[in-house]
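Examination of the molecular architecture
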Amino acid sequence: MLHVPIDVFFALVVIVSIISGFLGALVGLGGGTFLVPIYTLFLGIPIAYATGASLISTIATSSGSASAYIKDRITNVRIGMGLEIATTTGSIVGSLTAAFVYAHHLEYIIYMVFGVVLLSQIYFQMERSKFELPKPMKPDWTTRVFQLHGEYYDEALKQEVKYYGVRWWLGETIMFFAGFISGLLGIGGGALKVLGMDWAMNLPMKVSTTTSNFMIGVTAATGSAIYWAFGLIQPILAGFTALGVLLGSMTASKILPKITNRSIRYIFTAILAFLGVEMVLKGVGIIH
């Protein structure tokens, strides 16, 4: 751990958590995507406890921002609940895998996987950042069967946005891996959830990020129960983390409706690049 007085240490934990919660709620990843790298790289917290605290904070992120997004009619609850079946299943498998990894002192694998997961998202985000709203795709059979449609008022564009989702089967497949990554890395799996809805199902970025925020709490709750059973959650650290993340996520929920989808993508991509490179370097032993 960082060699500073205990009160200073926990003050840093809260500050980092507020920033992580804000960014996580803004881009739909959950605060854990930013918490785990910062905790391990800069505060010296063992990654096992960082991921445990991260899962608890992800529940706080979802609780703090999801209600506001639902009130604004941006979140598509129907789509989120349908996809949650795959993510919770994946989360159980991922959490059990993480327990095995930590028991055998193979933490470097977690760092490497974490970095690769973050960096893999950059290409898709850069490609889709060319458009404010996704190009319309012809509805398929899953659009009709699972009612993958909705509408919301976009404050930044000053217009009502109607959308149709497609390829439900591909979204569900990605959601299983999102759940697995959530349980393995303690991040809520938001990066892959956003990818599954944004790229695979062709939903608008704001719908993808807000629906991801709604979903990550359920996914994280599933994984955190297993982490708790294996003693990988430190209650005091998790408590301070959850407090900071909740404050940050509630602030983000007030700001997101007022900014453009493209701006969210640029923020999303820049953070993914920085943290992804840092985690890979940590995994291969270049930085300690």
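To start, this report covers the structure provided alongside it. Residue numbers restart at each chain and count upward from 1, following the sequence in its written direction. Reporting in this predicted model follows two pLDDT cut-offs: at least 70 for local features of residues, and 80 or more for side-chain atom pairs to be given and counted; totals over whole chains, interfaces and linings ignore these cut-offs and use all residues. The side-chain quantities take in all heavy atoms of the structure and omit both hydrogens and water.

1. What about the overall build of the protein chain?
Within the protein chain, the secondary structure is distributed over 11 helices and two strands. We count a stretch as a helix when DSSP gives it H or I for four or more residues in a row; a strand needs E for two or more, and each element gets its number in order from the N terminus. Helices (α) and strands (β) of the protein chain occur, in sequence order from the N terminus, as α-α-α-α-α-α-β-β-α-α-α-α-α. Exposure is judged per residue with a 1.4 Å probe applied to protein chains only, and the accessible area is read against the type maximum: over 50% gives exposed, under 20% gives buried, and values in between give partly exposed. By the burial criterion, 56% of the 288 residues in the protein chain qualify as buried. Contact definition: two residues touch when any of their heavy atoms are within 4.5 Å. Long-range pairs, those at least 24 residues apart, make up 81% of the contacts in the protein chain with a sequence separation of at least 6. Note that accessible areas follow from Shrake-Rupley with a 1.4 Å probe, and for residues the cover is restricted to the protein chains shown. Of the roughly 11,700 Å² of accessible surface on the protein chain, 72% is carried by carbon and sulfur atoms.

2. Comments concerning the environment of lysine 162
Of note, lysine 162 is situated in strand E2 (residues 159-164). On the basis of relative accessible area, lysine 162 is assigned to the exposed category, the value being 62%. Separated by 12 residues in sequence, lysine 162 and glycine 150 place their C-alpha atoms 5.9 Å apart.

3. Thoughts on helix H9 (residues 205-229)
When the terminal C-alpha atoms of H9 are compared, their 36 Å separation across 25 residues agrees well with the 36 Å that a helix rising 1.5 Å per residue should span. Note that the bend at a residue is defined as the angle between axes fitted to the seven residues ending at it and the seven residues starting at it. Of all the bends found along H9, the most pronounced is centred on methionine 215 and spans about 30°. Along H9, 19 of the 25 residues are buried, which leaves the element largely enclosed by surrounding structure. Residue glycine 231 follows H9 closely and has a positive phi angle near 75°. Helix span is expected to be 1.5 Å times the residue number reduced by one.

4. Regarding the nonpolar core
Ranked by size, the top nonpolar core spans 56 residues in total, and within it Tyr39, Tyr102 and Met201 carry the most contacts. Looking at this core, the element that brings in the most residues is helix H7 (residues 168-185), giving seven residues. Those residues in contact with tyrosine 102 that sit more than four places away from it in its chain are Ile47, Ala48, Thr51, Glu107, Ile110, Leu184, Tyr227 and Leu232. To form a nonpolar core, buried Ala, Val, Leu, Ile, Met, Phe, Trp, Tyr and Cys residues must be joined to one another through side-chain atoms within 4.5 Å.

5. Quick look at the packing of helix H4 (residues 77-103) against H7
Lines are fitted to the C-alpha atoms to define the axes, a helix being fitted only along its stretch in contact, and any angle between axes, read from their N-to-C directions, falls within 0 to 180 degrees. For the pair H4 and H7, interaxial distance at closest approach is 5 Å and the crossing angle is 30°. One element, H4, and the other, H7, form an angle in the roughly parallel class. Considering the relative orientation of H4 and H7, their crossing is right-handed. Class assignment for the residues of the contact of H4 with H7 results in 10 nonpolar, 12 polar and one charged. Under this scheme an angle from 65 to 115 degrees is roughly perpendicular, one under 35 degrees roughly parallel, and one over 145 degrees roughly antiparallel; angles in between are oblique. Crossing handedness is defined as follows: a turn of the near helix away from the far one that is anticlockwise and smaller than a right angle gives a left-handed crossing, while the clockwise case is right-handed. Just so you know the grouping, Ala, Val, Leu, Ile, Met, Phe, Trp, Tyr, Cys and Pro go in nonpolar, Asp, Glu, Lys and Arg go in charged, and all remaining residues, Gly too, go in polar.

6. Regarding the pairing of E2
Within a regular beta strand, the side chains point alternately toward one face of the sheet and then the other, so they alternate between its two faces. Inspection of the sheet shows strand E1 (residues 149-154) paired to E2 by six bridges, in the antiparallel sense. Its bridge partner lying in E2, tyrosine 152 is registered against valine 161. Between any two strands, at least two bridges found by DSSP are needed for them to pair.

7. A look at the packing of aromatic side chains
Geometry of aromatic contacts follows a simple scheme: Phe, Tyr and Trp rings, the Trp one being its six-membered ring, pair when their centres are within 6.5 Å, and the pair is stacked under 30 degrees between planes, edge-to-face over 60, tilted otherwise. Overall, the coordinates contain six aromatic pairs when judged by the stated rule. For the pair phenylalanine 9 and phenylalanine 10, a centre-to-centre distance of 5.4 Å together with 80° between the ring planes defines the contact as edge-to-face. Phenylalanine 10 shares its class with phenylalanine 9; the two are buried. With centroids separated by 6.4 Å and ring planes inclined at 50°, the aromatic side chains of tryptophan 141 and phenylalanine 146 adopt a geometry described as tilted. For phenylalanine 146, a relative accessible area of 30% translates into the label partly exposed.

8. Notes on the environment of leucine 12
Following the sequence through the fold, leucine 12 ends up in helix H1 (residues 6-27). Residue leucine 12 is classed as partly exposed on the basis of its relative accessible area of 29%. In the structure, leucine 12 is positioned 31 residues away from leucine 43 in sequence and 8.4 Å away in space, judged by C-alpha atoms.

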